[in-house]
Amino acid sequence: MIEHVRAVLRMHQIGIVNLLSPRRLLRAAGQNARLGPQAALIMKAAAEHPDAPAVTDESGTLTYRELDEQSNALAHALKGLGLPDRSVVGVLARDHRGLVLAISGTARATLRLALMNTGLAKKQFAEVVAREKVRAVLYDSEFADLVDGLPDDIPRYLTWGSGSPSIFELIAAHPVTPLPLPDRPGGFIILTSGTTGLPKGAPRTKVSPLASALIADRIPFPRQGAAVFASPLFHSTGFGAWTVGLSLANHAVLLRRFDPEDILRAMAEHRAQMLVAVPTMLTRILALGPEIISKYDTSSLRSVFVAGAALAPELTKRFHETFGEVIYNVYGSTEVAVASVAQPDESRRAPGTVGRPPVTVHVALYDSDDRRITEAGVPGRVFVRTGIPFEGYTDGRHKQVIDGHMATGDLGHFDAEGLLFIDGRDDDMVISGGENVYPVEVENLLAERDDVLEVAVIGVDDPEFGQRLRAYVVPTEASTRDPQVIKDYVKASLSRFKVPRDVVFLDALPRNPTGKVLRRELP
Ligand code: AMP
């Protein structure tokens, strides 16, 4: 309870709630309870800052008033489809106003939104549509082929690209008047990354706006300022950061495709104070080199919200040297939301840390017998307790829970200061010659080399050692591509059993749109 009071005071301090106007606060809380956070926050921002820019994409900018009105029009149109309340609507879209309108419009129409991963193959998409019982689809024209394969009785509307019928035609043909509020939110389903199989559906219906805003406890968010989104909004990183931004009436600058120079251009043009990205995007931005980077004035940048995959300490260091100390390394998952954040000074003191949990979130480590680990330096399975309830996967499975803490599937440890480190996924751990090896340790070491752009290390079967390490290296132009140089480098710093026995040079690592390496697609 005391903790919740602390959280509310903190949110007041940050500007997410205003305790000095309780009437507005109650109205906003009521709207949130009935609509869910995104649609409710857009309504609130439209009432308080109608002319502030809400979203910019390739087609221009929508103010909060325009976004609010168009969301209403879309909601009227979707209601007209006659689907029962809380039916699932799937959206398969890149980052642009069409996706934002889909999120806000479905909530106002009391529908449940499934955010589809744009990396899905046709067959996977069809499987997810069937599993989640999707009754209507909103999609970008570039995914027409995926949508073509669906049963004819599923209505479909374009969210981007020329063609018909589109949500913009629906919006133009319907009134912008507000709809009656639902009695409870339709909710939404976010897919996990699915690096090991078909992405699982992680549904959420009730989200306390406080719980989702907590990350702002540890990351400076702009207040009515601009944030550039390089991470896709369909994934929890982009979705979470965008939602918190709505509570501060921020301006979301969206790009349909990631291009490192376009990101710099957008940051300079909109005087962005925040960038939301996955780690590999930072690598690509730095790879542009000083000449191109210096063409853009990014001095407005205060924070880079990085999440979704491990961030090599060397990458943080190099980014800080170029752009100042702005990196906030966010650790979390679709299921537990935000678990912890490393602030720039923590990353400087303890390279590689994922920091500490925000107010009201708790991280605990348990051993294989479910006993709590509290000592520094002892690795264990990472569990997280948070106010954002995850309701179990849509296929009925659930994560292990101990004392209200949910398993993340990761292994980690605390240092003496209490800072958390992630050692890797439970199932990525390699046992070579009877020794446990966390590939991320070897990856982080190799990332320090000037001739290594990116690296992934995995375990492969070995008749003698059970498993052995294989490193996949994306070399820079300076590299001699000599496997021995790579092996010697590891040998000089780490134990013998951590030295990769094979080194494979690749032009790029196979990654999904959320930045995770697709280990099963490595040759
Ligand atoms: P997802 O549910 O797709 O967001 O995947 C969550 C998983 O990504 C976590 O359980 C971690 O394995 C990994 N992950 C996310 N953020 C970080 C981070 N900052 N550092 C290390 N691993 C991360």
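Bear in mind the structure is a predicted one, so any value in this text is a computation, not a measurement.

Observations concerning the UniProt feature "domain: AMP-binding enzyme C-terminal" (unreviewed entry) in the protein chain
Here is step 1: Residues given the UniProt feature "domain: AMP-binding enzyme C-terminal" (unreviewed entry) here are residues 441–516.
Here is step 2: Taken end to end, residues 441–516 is 22% helix and 33% strand, and its two terminal C-alpha atoms sit 17 Å from one another.

Comments concerning the sheet that holds strand 23 (residues 452–462)
Here is step 1: Read across the sheet, three strands follow the order 23-24-25 without closing on themselves; strand pairing throughout is mixed. Sheet topology places strand 23 and strand 25 (502–505) at the edges, where each strand pairs with a single neighbour. Strand-to-strand twist in this sheet, taken as the mean axis angle between neighbours without regard to direction, amounts to 25°.
Here is step 2: As judged from the four bridges shared by strand 24 (residues 466–475) and strand 25, these two strands associate in the parallel manner. Paired with Tyr472 across the bridge in strand 25 is Val504.

Some points on the packing of helix 12 (residues 279–286) against helix 14 (residues 313–323)
Here is step 1: Contact pair helix 12 / helix 14: the axes reach a minimum separation of 10 Å and the direction vectors enclose 50°. Taken together, the axes of helix 12 and helix 14 lie oblique to each other. Like other packed secondary-structure pairs, helix 12 and helix 14 cross with a definite hand, here left-handed. Here Pro279, Leu282, Thr283, Ile285 and Leu286 of helix 12 come into contact with helix 14, specifically with Leu315, Arg318, Phe319, Thr322 and Phe323.
Here is step 2: A breakdown of the residues in the contact of helix 12 with helix 14 according to their chemical character gives seven nonpolar, two polar and one charged.

Structural notes on the pattern of salt bridges
Here is step 1: Tallying each qualifying case throughout the model produces 38 salt bridges.
Here is step 2: Here Asp369 and Arg371 are joined by a salt bridge, their closest N and O atoms 3.4 Å apart.
Here is step 3: One network of salt bridges, in which partners are shared, links Arg218, Asp345, Glu346, Arg349, Arg356 and Glu417.

Section: the pairing of strand 2 (residues 60–63)
Working note: regular strand, side chains alternate between the two faces of the sheet.
Here is step 1: Note that strand 1 (residues 53–57) and strand 2 share four bridges and pair antiparallel. Paired with Pro53 across the two strands is Thr63, which belongs to strand 2.

Observations concerning the pairing of strand 7 (residues 188–191)
Here is step 1: Burial along strand 7 is two-sided: the residues Phe188 and Ile190 and Ile189 and Leu191 are all buried.
Here is step 2: Two elements, strand 4 (residues 112–115) and strand 7, share three bridges in a ladder whose sense is parallel. Among the inter-strand pairings, Leu115 is bridged to a residue of strand 7, identified as Ile190.

Considering unusual backbone geometry
Here is step 1: The amide bond that connects Ser164 to the next residue, Pro165, takes the cis arrangement and shows omega of -5°.
Here is step 2: One can find Pro165 in the loop between strand 6 (156–160) and helix 8 (167–172).
Here is step 3: Residues other than glycine seldom take positive phi values, yet Arg271 does so here, at roughly 50°.
Here is step 4: One can find Arg271 in the loop between helix 11 (260–269) and strand 11 (274–277).
Here is step 5: Arg271 sits in the partly exposed class, given a relative accessible area of 38%.
Here is step 6: The phi dihedral of Arg481 falls on the positive side, at around 55°, and the residue is not glycine.
Here is step 7: Turning to its location among the elements, Arg481 is positioned in the loop between strand 24 and helix 17 (483–493).
Here is step 8: Judged by relative accessible area, Arg481 falls into the partly exposed class, the value being 43%.

Cut-off values and rules
Residues numbered from 1 in each chain as written. Predicted model: local features only at pLDDT ≥ 70, side-chain atom pairs only at ≥ 80, totals over all residues. Heavy atoms only, no water. UniProt positions renumbered as here; feature names shortened; annotations may be inferred. Helix = DSSP H or I, 4+ residues; strand = E, 2+ residues; numbered from the N terminus. Pairing = 2+ DSSP bridges. Axes fitted to C-alpha atoms, helices over the stretch in contact; angles between N-to-C directions. Parallel < 35°, antiparallel > 145°, perpendicular 65-115°, else oblique. Left-handed = near helix turned anticlockwise from the far one by under 90°. Contact = heavy atoms within 4.5 Å. Nonpolar A, V, L, I, M, F, W, Y, C, P; charged D, E, K, R; others polar. Salt bridge = Lys/Arg side-chain N within 4 Å of Asp/Glu carboxyl O. Buried < 20%, exposed > 50% of the residue type's maximum accessible area, 1.4 Å probe, protein only.

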